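Single-letter residue listing:
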Amino acid sequence: MTDEGASRTGVATERGEGGEPAEPDASGGREVPEQRAEDRGDEVSAAVGLSTAPLDEAEPTGGTAVPGSFGGVRAPGAGGALRWTARELVGWGRWFWRQLTSMRVALLLLFLLALASVPGSLIPQERVDAMAVQEFRENNPGLGDFYDRVQLFEVYSSVWFSAIYLLLFISLIGCILPRSWQFVGQLRGRPPRAPRRLDRMPAYTTWRTATPPQQVLDAARARLRRRRFRTDLADQPGHEGQVAAEKGYLREAGNLLFHVALIVMLLAFARGQLYHSEGGKLVVEGSGFSNALPQYDDFSSGQFFDVNDLERFGFTLDDFDYRYSRDSVDIGTPTDFRADVTYWTADGTEKPGVITVNNPLKVGDSRVRLLGHGYAPVITVTDGQGNTAFSAPVPFLPQDAGFTSVGVIKVSDYVGPDGERTQLGFQGFFNPTYNIDEVRGPHSTFPEPDYPVLTLNAFEGDLGVSSGIPQNVYQLNTDNMEQLEDGEGDLFRFDLLPGDSIDLPGGRGTLTFEGFENWATFQVTTREGNSWALVGSLAAILGLTGSLFLQRRRVWVRARTGDDGVTVVEMASLGRTESARIPEELGDLAVELQPEAPPVADEERSREQDGPDPDPDAQDHESEDHKPETDASETDASRDDRPERRDDDEPDSASPEAAEGARP
């Protein structure tokens with residue numbers, strides 16, 4: 001749309017490098033070099049401050065070739081060498097600091113931190129499952145030694161992971177501090193004055209009105225403030241007035257909030273690693289647990305955690321309920337796990353509680369989570385003298401989805417038929433739904449106890465429990481033991497149903513399978529910084545949303561009295577990035593402002609509808625005055641003489657999006 005059309009209809013139009021000015025210059029549209037330099041300075045100053053992103057400092061160039069990397073001549077003597085060395089160290093330090101605090105390095109470190117976390121989820125960790133790490137070392141001796149050298153079994157406490165973590169922490173702080181200071185300065189400042197040539201802005205519109213300039217500016221300022229723009233009313237030389245407005249400060253605030261939230265999350269992660277405790281415990285149904293270090297099956301903690309700070313509480317597993325699907329499609333899939341407990345706190349108060357997979361028991365700062373379950377056959381063993389040598393439930397560990405479970409029974413207080421003290425050991429399988437074939441041998445086909453069978457082998461000798469060397473309660477060391485044989489010389493092996501009993505060979509007593517109990521494994525954790533991590537993650541999402549969907553932009557409204565006494569209104573808008581919302585917003589502002597500053601063309605059309613103009617020649621003369629006369633050659637020259645736009649100054653108004661124009 002031409003300027004004449006815009007002035008007659010009041011429609012906001014977008015102006016770019018190829019647009020024509022609304023009012024010709026006194027030089028007939030031609031620009032002298034001094035004028036172009038002044039315009040370029042106005043445009044640069046108008047775009048300054050739309051972002052607080054730090055710019056890379058330019059390295060010094062030119063000058064005489066010197067041996068130093070940062071300029072300067074090395075003076076002779078020891079003093080010159082010291083000064084030259086200090087200058088080099090300071091220069092390289094500043095260069096390293098600029099690189100470390102740049103946005104690209106921060107993103108690179110964040111990517112490296114995520115990449116470094118991958119081995120921690122793929123390789124068993126020493127603090128999480130020491131038995132799995134030991135098994136990995138035994139199965140892969142060469143690879144296990146390599147993993148030990150590069151600390152892959154302790155990823156999150158390794159030197160290289162800590163280095164990435166600390167560098168990212170320093171990078172974020174070094175990036176946030178200067179940007180925060182600049183942002184505070186922008187909040188305290190005033191919107192910048194309008195450039196001399198508003199028609200060079202990406203979005204621009206103009207019209208003529210009979211409303212006085214000051215009244216137009218007051219109305220424009222009121223509407224801008226209604227749209228939550230920060231405004232500044234200023235006079236310019238030549239009896240011109242303007243309203244400068246700015247909006248979108250929350251974009252940079254969101255950007256800073258995102259970076260601060262990352263630091264909060266890093267601090268929360270560090271505190272959680274240094275002050276955490278984590279332990280596991282297998283509890284048989286009807287048994288209890290007290291939150292003390294000797295009660296744990298396995299326990300790990302951070303470097304700054306004091307075991308004396310463990311929460312004073314305990315609980316008893318009253319009942320454990322479980323359900324598995326029997327549908328043909330998803331048969332054997334777990335559907336429900338529920339542990340009913342009675343827990344007590346430091347003041348002695350007892351309360352009932354329920355622990356499910358996604359609903360841990362919360363006692364103070366500790367969380368008790370349900371991890372798994374299995375079966376514990378109840379075994380009774382009598383010795384060769386007829387006395388009860390062992391009677392207790394023995395947990396068997398499941399090995400597959402059908403809960404084929406393996407376990408051992410160690411009878412250390414046993415007296416043989418000859419009156420000599422010795423020890424017995426049994427190892428085998430407990431299958432809740434028993435089946436046997438030539439390939440797998442005895443195994444279970446379903447997790448629930450539809451047909452429970454206990455299958456065992458018997459050994460006699462030294463269990464090694466008195467040697468002082470720690471042993472795994474779920475493994476049997478048969479190095480100093482012999483397997484028992486039946487009367488025919490075959491290895492003694494037997495299957496028992498609940499309630500069955502069998503005589504041990506050689507008058508060694510009996511073994512009775514009384515039944516079975518359920519057991520459940522619980523994880524008790526105390527971790528600092530969880531609430532801060534949650535707050536940091538929510539703040540990061542909020543800040544990222546603001547930095548992505550909000551846009552920093554500026555609007556200028558200028559009103560001046562033309563040579564014919566009619567007020568000329570100019571409006572322009574500039575954003576940090578190119579967006580179709582910029583001209584649309586400017587068009588909406590122009591439409592809202594035109595009731596207080598109606599275009600002159602509307603009044604002329606209303607007079608034409610009322611009746612013919614008494615002086616047609618005067619009307620033609622007036623129309624001629626309103627239409628700017630520009631020569632094609634002058635327009636082309638004006639376009640060519642315009643300064644080349646820089647990417648940092650303003651968006652590319654020659655793009656197809658910018659050429660669409662602002663809507664009314």
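Residues numbered from 1 in each chain as written. Predicted model: local features only at pLDDT ≥ 70, side-chain atom pairs only at ≥ 80, totals over all residues. Heavy atoms only, no water.

Draft legend 1. Broad picture of the packing of helix H10 (residues 249-274) against helix H11 (residues 530-549). Contact pair H10 / H11: the axes reach a minimum separation of 7 Å and the direction vectors enclose 155°. Our classification of the angle between H10 and H11 gives roughly antiparallel. Considering only the axes of H10 and H11, their crossing is left-handed. Across the interface between the two elements, Arg251, Gly254, Asn255, Leu257, Phe258, Ala261, Val264, Met265 and Ala268 from H10 touch Trp532, Ala533, Gly536, Ser537, Ala539, Ala540, Leu542, Gly543, Leu544, Gly546, Ser547 and Leu548 from H11. By residue class, the composition of the contact of H10 with H11 is 13 nonpolar, seven polar and one charged. (Axes fitted to C-alpha atoms, helices over the stretch in contact; angles between N-to-C directions. Helix = DSSP H or I, 4+ residues; strand = E, 2+ residues; numbered from the N terminus. Parallel < 35°, antiparallel > 145°, perpendicular 65-115°, else oblique. Left-handed = near helix turned anticlockwise from the far one by under 90°. Contact = heavy atoms within 4.5 Å. Nonpolar A, V, L, I, M, F, W, Y, C, P; charged D, E, K, R; others polar.)

Draft legend 2. Expanded view of the nonpolar core. Grouped together as the largest cluster of nonpolar side chains are 47 residues, with contacts concentrated most on Phe315, Val411, Phe426, Leu511 and Phe522. Considering each element in turn, this core owes the most residues, six residues, to strand E7 (residues 313-324). In contact with Phe522, other than residues within four places in its own chain, are Gly279, Gly280, Lys281, Val283, Phe315, Leu317, Ala339, Ile355, Val368, Arg369 and Leu370. Counting residues in hydrophobic clusters, the runner-up holds 22 residues, among them Ile123, Val133, Phe136 and Leu152. (Core = buried A, V, L, I, M, F, W, Y, C linked by side-chain atoms within 4.5 Å. Buried < 20%, exposed > 50% of the residue type's maximum accessible area, 1.4 Å probe, protein only.)

Draft legend 3. Highlighting the pattern of salt bridges. As enumerated under the stated definition, the model contains 20 salt bridges in all. Taking the shortest distance from any N to any O, the salt bridge between Glu528 and Arg271 comes out at 3.9 Å. Of this pair, Glu528 sits in the loop between strand E22 (510-526) and H11 while Arg271 sits in helix H10, placing them 257 residues apart in sequence. The class of Arg271 is partly exposed, set by a relative accessible area of 40%. In this structure, Arg553 and Glu585 form a salt bridge, with 3.1 Å as the shortest nitrogen-oxygen distance. One end of the pair, Arg553, is in strand E23 (residues 553-561); the other, Glu585, is in helix H12 (residues 581-593), and 32 residues separate them in sequence. A residue is classified by how much of its surface remains accessible, and Arg553, at 8% relative accessible area, is buried. (Salt bridge = Lys/Arg side-chain N within 4 Å of Asp/Glu carboxyl O.)

Draft legend 4. Representation of the packing of aromatic side chains within the structure. By the definition in use, this model includes 26 aromatic pairs. One aromatic cluster is present, built from ring pairs that chain together Phe320, Tyr322, Tyr324, Phe337, Tyr375, Phe403, Phe430, Phe513 and Phe516. Here the guanidinium or amino end of Arg271 rests over the ring plane of Tyr275, the centre of that ring lying 4.7 Å away. (Phe/Tyr/Trp six-rings, centres within 6.5 Å; stacked < 30°, edge-to-face > 60°. Lys NZ or Arg CZ within 6 Å of the ring centre and 35° of its normal.)

Draft legend 5. Inspection of the environment of Val368 at higher detail. Examined against the element boundaries, Val368 turns out to sit in strand E11 (residues 366-382). When the C-alpha atoms of Val368 and Phe522 are compared, they prove to be 6.4 Å apart, with 154 residues separating the residues in sequence. Every residue in contact with Val368, bar those within four places of it in the chain, is listed here: Phe313, Phe315, Ile355, Pro360, Leu361, Phe522, Gln523 and Val524.

Draft legend 6. Representation of the pairing of E11. When you tally the buried positions in E11, you get 13 out of 17 residues, the bulk of the element. Judged from the three bridges that link them, strand E10 (residues 361-363) and E11 form a sheet pairing that is antiparallel. Across the sheet, Lys362 pairs through a bridge with Arg367, a residue of E11. Hairpin remark: E10 followed by E11, antiparallel, with two residues in the connecting loop; positive phi at Gly364, about 65°. As paired strands, E11 and E22 are joined by 16 bridges and run antiparallel to one another. Of the residues in E22, the one forming a bridge with Gly372 is Thr521. Across five bridges, E11 lies against strand E12 (residues 388-393) in antiparallel orientation. By the bridge assignment for E12, Val378 is matched with Pro393. Once E11 ends, the chain turns through five residues before running back antiparallel as E12, passing Gly386 with a positive phi of about 85°. (Pairing = 2+ DSSP bridges.)

Draft legend 7. Examining H11 more closely. With 20 residues, H11 ought to run about 28 Å at 1.5 Å a step, and its terminal C-alpha atoms sit 29 Å apart, in line with that. For H11, the set of buried residues is Gly536, Ala539, Ala540, Gly543, Gly546 and Ser547. Looking straight down H11, one finds that the buried residues subtend no more than 135° of arc, so they occupy a single side. Away from its buried face by more than 90 degrees, H11 exposes Leu534, Leu538, Ile541, Leu542, Leu548 and Phe549. Close packing links the buried residues of H11 with H10. (Expected span 1.5 Å × (residues − 1). Arc of directions from axis to C-beta.)

Draft legend 8. Looking closely at the confidence of the model for the protein. Per-residue pLDDT for the protein averages 78, and the proportion of residues at 70 or more is 78%. Segment residues 1-30: pLDDT under 50, and 95 contacts once partners within four positions in sequence are set aside and those in other chains are kept. This stretch, residues 55-66, has a pLDDT under 50; its non-local contacts, to residues over four places away or in other chains, come to nine contacts. (pLDDT = per-residue confidence, 0-100.)

Draft legend 9. The arrangement of the environment of Val535 in detail. Structurally, Val535 is set in helix H11. With 267 residues separating them along the chain, Val535 and Ala268 place their C-alpha atoms 9.9 Å apart.

Draft legend 10. Expanded view of unusual backbone geometry. The backbone of Arg228 sits at a positive phi, close to 65°, despite the residue not being glycine. Position of Arg228 among the secondary structure elements: in the loop between helix H9 (213-226) and strand E2 (230-236). Phi at Phe403 is positive, roughly 65°, even though this residue is not glycine. Positionally, Phe403 belongs in the loop between strand E13 (397-398) and strand E14 (405-415).

Draft legend 11. Fine view of a nonpolar patch on the surface. Together, Leu108, Phe111, Leu112, Leu115, Val118 and Leu122 make up an exposed nonpolar region whose accessible area comes to about 580 Å². Broken down by element, the residue count for the nonpolar patch peaks at four residues, all from helix H4 (residues 103-116). Relative to the assigned elements, Phe111 resides in helix H4. (Patch = residues over 30% accessible without salt bridge, like charges linked within 9 Å, V, L, I, M, F, W, Y side chains within 5 Å. Areas by Shrake-Rupley, 256 points an atom, 1.4 Å probe, with all protein chains shown as cover.)

Draft legend 12. A negative patch on the surface, seen in detail. Side chains of Asp129, Glu135, Glu138 and Asp298 sit close together on the surface and give a patch of like negative charge. Relative to the helices and strands, Glu135 resides in helix H6 (residues 130-139). Exposure remark for Glu135: the relative accessible area of 48% places this residue in the partly exposed category. (Lys, Arg positive; Asp, Glu negative; His and termini not counted. Charge placed at Lys NZ, Arg CZ, Asp CG, Glu CD.)

Draft legend 13. Here's a closer look at H10. Taking 1.5 Å of rise per residue, the 26 residues of H10 would be expected to cover 38 Å, and the 38 Å separating its terminal C-alpha atoms lies within 8% of that figure. Those residues of H10 not exposed but buried are Tyr249, Glu252, Gly254, Asn255, Leu256, His259, Ala261, Leu262, Ile263, Leu266, Ala268 and Gly272.

Draft legend 14. Main features of the packing of H6 against helix H7 (residues 141-149). Where H6 meets H7, the closest approach of the two axes is 5 Å, and the angle between their N-to-C directions is 125°. With respect to each other, H6 and H7 are oriented oblique. Here Phe136, Arg137, Glu138 and Asn139 of H6 lie close against H7, whose contacting residues are Pro141, Leu143, Gly144, Tyr147 and Asp148. Considering only residue class, the contact of H6 with H7 consists of four nonpolar, two polar and three charged.

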